[in-house]
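# Observations on the model geometry
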Amino acid sequence: MSRPTDIVERKGLSPRQRAQRSRWIQYGILVALLIVAGVSADWGQIGSVFFKPEYIKSAFEDGLLQALVKTLEYTAGAFVIGLLGGTLLALMRLSIVGPYRWIATAYIEFFRGLPAIVVFIAFSLLPLAFEGMTIPFDPYGTVWLALGIVAAAYMAEVIRAGIQAVPKGQLEAARSLGMPAGLATRKIVLPQAFRIVLPPLTNDLILLVKDSSLVFIIGTTASAYELTGFGRDLANTYANLTPLVTAGFCYLIITLPLGILVRRLEAKAARAR
Amino acid sequence: MALVEIKNLHKSFGSNHVLRGIDFTVEQGEVVCVIGPSGSGKSTLLRCVNLLEIPQEGQVIVRGEDICDRDCHLDAARSQIGMVFQQFNLFPHLSVLANCTVAQTTVLKRGSAEAEKIARANLDRVGLNDKVKAFPMQLSGGQQQRVAIARALSMDPALMLFDEPTSALDPELVGDVLTVMRKLALDGMTMLVVTHEMAFAREVADRVVFMDGGVIVEQGPPAEVIGNPQQERTQNFLRRVLNPTHVEPT
Ligand SMILES: Nc1ncnc2c1ncn2[C@@H]1O[C@H](COP(=O)(O)OP(=O)(O)OP(=O)(O)O)[C@@H](O)[C@H]1O
Ligand SMILES: [Mg+2]
């Protein structure tokens with residue numbers, strides 16, 4: 001068995017020199033890959049398929065912004081439903097009444113275990129299966145419900161963790177002032193719990209922005225298109241990917257700032273601790 | 001009639017029999033200090049008085065009403081009993097003023113102007129009328145504990161419970177809180193105080209209760225219990241507390 005120092009002596013390199021050499025090798029590989037990519041790819045072709053300026057322009061003219069607004073509307077409504085449902089489920093999970101706990105656990109495990117797309121397909125088939133059934137606020141009602149019931153399952157677990165992270169003394173102080181359990185939960189525990197879970201809830205919001213793209217499964221009409229449906233439709237029409245890429249950038253415009261916000265909130269929470 | 005009457009109180013956590021038959025009373029306007037070694041059940045006793053812990057056996061009678069009784073309106077009873085915790089337990093998301101008004105407006109249904117007036121008067125009483133708008137995080141431990149006292153006083157309690165209110169404080173902040181409590185006692189507030197501050201107990205208490213192993217070993221005026229304890233357990237405890245560097249011969 002050779003000790004580490006033996007190796008150093010044999011190769012004649014100090015640990016620092018070896019780290020430096022490994023760094024140069026990594027840079028070398030990167031540069032080689034870039035050169036290969038630059039030489040072998042047909043950049044003109046790529047540019048005209050993914051980033052064709054006229055198609056970007058016509059995407060705007062054909063209603064990219066309306067689609068963006070739809071994405072925001074679908075996301076916002078679903079977030080509200082998810083938040084309300086998630087809070088209710090979290091409280092049920094922590095209830096002293098057994099059946100409430102079981103129901104909430106079953107719901108959460110069911111919808112977290114299922115691919116969201118299955119839920120969307122189910123919602124798209126509902127009007128067929130139940131003849132004459134309509135969900136109000138078409139198409140918003142269907143979209144909000146489908147997205148919201150899945151989001152509620154995820155948010156419930158986040159909110160439950162937040163409620164449990166509020167120190168027990170807070171509830172005791174509230175109860176000792178004569179507040180009934182419900183009032184103490186509403187006025188004292190939940191506001192603190194939401195503050196704790198603000199970063200993970202914002203993460204859920206980001207997921208929801210992206211999941212709103214599943215709406216195109218339901219088969220909405222063109223006027224109800226959100227970004228993905230819009231981009232896909234236009235990309236089909238032009239047989240060119242530019243509209244889809246443009247729609248993709250719109251998602252990033254929403255999700256990247258939210259991601260930065262999450263990191264800020266996390267840093268702030270870490271500092272407060 | 002006694003303000004609080006505790007009869008044959010028993011409390012267990014699983015197989016840990018913490019309170020083993022406690023009987024005692026607190027009269028209107030009386031200041032009772034509870035002393036005893038760690039783990040003797042002092043906090044548990046205090047928490048049973050406003051039912052943060054539910055005793056398995058016995059009665060806690062506050063103003064003639066058995067609050068362990070199923071028919072008792074527990075929240076109403078609790079709102080008459082102020083509690084001050086070792087860890088302050090202020091509501092961190094509310095301002096100092098809101099800490100003192102939130103239960104007034106929601107539990108006692110006072111109007112917000114009236115609640116605010118009462119809260120300000122009590123913050124004045126604990127010497128913090130300049131911190132009304134601050135948040136708990138911005139205050140020192142001693143200030144937080146005084147806000148906690150003002151918060152409890154704002155409910156016009158008939159009885160104040162203190163569970164080691166100065167144990168979490170830096171030594172130089174203990175005095176401010178004890179001064180506030182001394183003033184409260186002089187104002188005639190009925191107080192049940194768990195404390196390790198023997199000087200405070202000796203000076204302020206009308207009666208000192210010494211607990212050990214879940215029972216009351218000895219009680220009486222401070223001059224007797226602290227000054228001239230009759231029971232051996234009390235003597236041992238006081239020797240340790242009053243002379244902490246002393247090493248017991250084994
Ligand atoms: N919620 C609880 N669950 C289980 N055991 C508990 C609980 N609260 C207290 N105990 C136990 O009850 C016993 C008495 O605790 P208690 O807090 O009343 O003592 P204390 O006299 O206040 O001590 P200290 O001076 O350290 O505060 C201890 O053995 C403790 O472990
Ligand atoms: Mg204690």
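Above this note sits the structure.
Every chain's residues receive numbers from 1 upward, in the order its sequence appears when written. Chain letters start at A and ligand numbers start at 1, both assigned in the order the entries are written. Note on the predicted model: pLDDT of at least 70 is required for a residue's local features to be given, and 80 or more for side-chain atom pairs to be given and counted; whole-chain, interface and lining totals, by contrast, use all residues. Hydrogens and water molecules were not included; the side-chain quantities draw on all heavy atoms of the structure.

### Some words on the overall build of chain A
The helix and strand labels rest on DSSP assignments: H or I over at least four residues marks a helix, E over at least two residues marks a strand, and numbering proceeds from the N terminus. The secondary structure content of chain A amounts to 12 helices and zero strands. Moving toward the C terminus, one meets the helices and strands of chain A in the order α-α-α-α-α-α-α-α-α-α-α-α. Put simply, the radius of gyration uses C-alpha atoms, and a globule should come to 2.2 Å times the residue count raised to 0.38. Taken over the C-alpha trace, chain A has a radius of gyration of 26 Å; the compact-globule value for 273 residues is 19 Å, which it surpasses by more than 25%. When its C-alpha atoms are laid out on the principal axes, chain A stretches across 75 × 65 × 35 Å. Counting only residues that meet the buried cut, chain A has 39% of its 273 residues in that class. Whether two residues are in contact is decided by their heavy atoms, any of which lying within 4.5 Å being enough. The long-range fraction of contacts in chain A, counting pairs at least 24 apart against all pairs at least 6 apart in sequence, stands at 76%. For accessible areas, the Shrake-Rupley method is used with a probe of radius 1.4 Å. Any residue's cover is judged against the shown protein chains and nothing else. Carbon and sulfur atoms make up 67% of the accessible area of chain A, which amounts to about 16200 Å² in all. Note on classification: 1.4 Å probe, protein chains only; a residue is buried when its accessible area is under 20% of the maximum for its type, exposed when over 50%, partly exposed between these limits.

### Concerning the nonpolar core
Residues grouped as a nonpolar core are buried Ala, Val, Leu, Ile, Met, Phe, Trp, Tyr and Cys residues, joined through side-chain atoms within 4.5 Å. Ranked by internal contacts, the top residues of the largest apolar core, which has 48 residues, are Leu123, Ile149, Met160, Phe162, Met181 and Met191 of chain B. Looking at this core, the element that brings in the most residues is helix H6 (residues 171-186) of chain B, giving eight residues. Setting aside anything within four residues of it in sequence, one finds Ile149 of chain B in contact with Val84, Val126, Met160, Phe162, Val177, Val180, Met181 and Leu184 of chain B. Counting residues in hydrophobic clusters, the runner-up holds 47 residues, among them Ala90, Val158, Ala193 and Ile218 of chain A.

### So, the interface of chain B and chain A
Listed by partner, the interface residues are 22 residues for chain B and 17 residues for chain A. Here's the idea: put two parts together, see how much 1.4 Å probe accessible area each one loses, and the total over both is what we call buried area. Across the chain B to chain A interface the summed buried area is about 1700 Å²; carbon plus sulfur atoms make up 64%. Considering only the surface of chain B that becomes buried against chain A, Asp75, Phe91 and His93 of chain B emerge as the three largest contributors, covering 32% of it. Pairing of N or O atoms within 3.5 Å defines a polar contact, subject to two protein rules: one partner must be a possible hydrogen donor and the other a possible acceptor, and residues neighboring in sequence count only if both atoms are side-chain atoms. The interface formed by chain B and chain A holds five residue pairs in polar contact (both at pLDDT 80 or more) in total. Looking at the side of chain B that touches chain A, the elements with two or more residues in it are helix H2 (74-79), strand E6 (81-84), helix H3 (96-106) and helix H5 (141-153) of chain B.

### Some points on empty space enclosed by the protein
Residue and element names in this part refer to chain B. Grid points spaced at 1 Å over the protein atoms alone were grouped into cavities, where a 1.4 Å probe fits but cannot get out, and pockets, open sets with protein on both sides within 12 Å along at least five of seven lines, with lining residues defined by an atom within 4 Å of a point. Grid points are joined across faces, edges and corners, and a volume is the space filled by probe spheres set on the points. Taken as a whole, this structure holds one cavity of 30 Å³ or more when the rule is applied. Counted as a void, the largest cavity has a volume near 30 Å³. In terms of lining residues, the largest cavity is bounded by Arg125, Val126, Leu153, Val180, Lys183, Leu184 and Asp187. Ranked by the residues each element gives to the lining of the largest cavity, the list is headed by H6, at three residues.

### Some remarks on the layout of surface pockets
Considering only enclosed or pocket space, the largest pocket measures out at about 1100 Å³ in volume. The wall of the largest pocket is formed by 27 residues, among which Arg195, Ile196 and Ala272 of chain A together with Pro92 and Met137 of chain B lie closest to the centre. Residue assignment for the lining of the largest pocket shows that the elements contributing at least two residues are helix H9 (168-176), helix H10 (181-211) and helix H12 (242-272) of chain A. Estimated volume of the second largest pocket: approximately 540 Å³. Taken together, 16 residues make up the lining of the second largest pocket; nearest its centre are Leu94, Ile96, Leu171, Ala181 and Thr185 of chain A. Under the grouping applied here, Gly and all other residues not named as nonpolar or charged are polar, the nonpolar ones being Ala, Val, Leu, Ile, Met, Phe, Trp, Tyr, Cys and Pro and the charged ones Asp, Glu, Lys and Arg. Of the residues that constitute the lining of the second largest pocket, the class distribution is nine nonpolar, five polar and two charged.

### Remarks on the site of ligand 1
Residues and elements named next belong to chain B. We call a residue near a given molecule or strand whenever any one of its heavy atoms falls within 4 Å of it. Ligand 1 sits among 13 residues. The nearest are Ser38, Gly39, Lys42, Ser43 and Thr44. Here an oxygen atom of ligand 1 sits 2.6 Å away from a polar atom, N or O, in the side chain of Ser38. One nitrogen or oxygen atom from the main chain of Gly41 is found 3.0 Å from an oxygen atom belonging to ligand 1. Taken by itself ligand 1 offers 630 Å² of open surface, and the protein chains cover 61% of this. Of all elements in the fold, only strand E2 (16-26) and helix H1 (42-49) reach the threshold of two or more residues within the shell around ligand 1. The element that contributes the greatest number of residues to the shell around ligand 1 is H1, accounting for three residues. When the residues that make up the shell around ligand 1 are grouped by side-chain class, the tally is three nonpolar, eight polar and two charged.

### Details of the pairing of E6 of chain B
Residue and element names in this part refer to chain B. Here E6 shows two buried faces, one formed by Ile81 and Met83 and the other by Gly82 and Val84. A strand pair is defined by DSSP finding two or more bridges across the two strands. Pairing geometry for E6 and strand E7 (residues 159-163), over four bridges, is parallel. Its bridge partner being in E7, Met83 is matched across the sheet by Leu161.

### Thoughts on the sheet that holds strand E8 (residues 191-194) of chain B
Residues and elements named next belong to chain B. With mixed pairing, the six strands of this open sheet are ordered in space as E6-E7-E8-E3-E9-E10. Edge positions in the sheet fall to E6 and strand E10 (215-220), since each of these pairs with one other strand and no more. Within the sheet, the average angular offset between the axes of one strand and its neighbour, ignoring direction, is 15°. Relative to E8, strand E3 (residues 31-35) runs parallel, the two being bridged by four bridges. The residue bridging Val31 from the neighbouring strand is Met191, located in E8. H5 contacts E6 and E7 of the sheet and is inclined by roughly 170° relative to E6. Angles here are taken between N-to-C directions and fall from 0 to 180 degrees, while the axes themselves are lines fitted to C-alpha atoms, restricted in helices to the stretch in contact. Across the sheet, H6 lies against E3, E7 and E8, angled at about 150° from E8, the strand it touches most.

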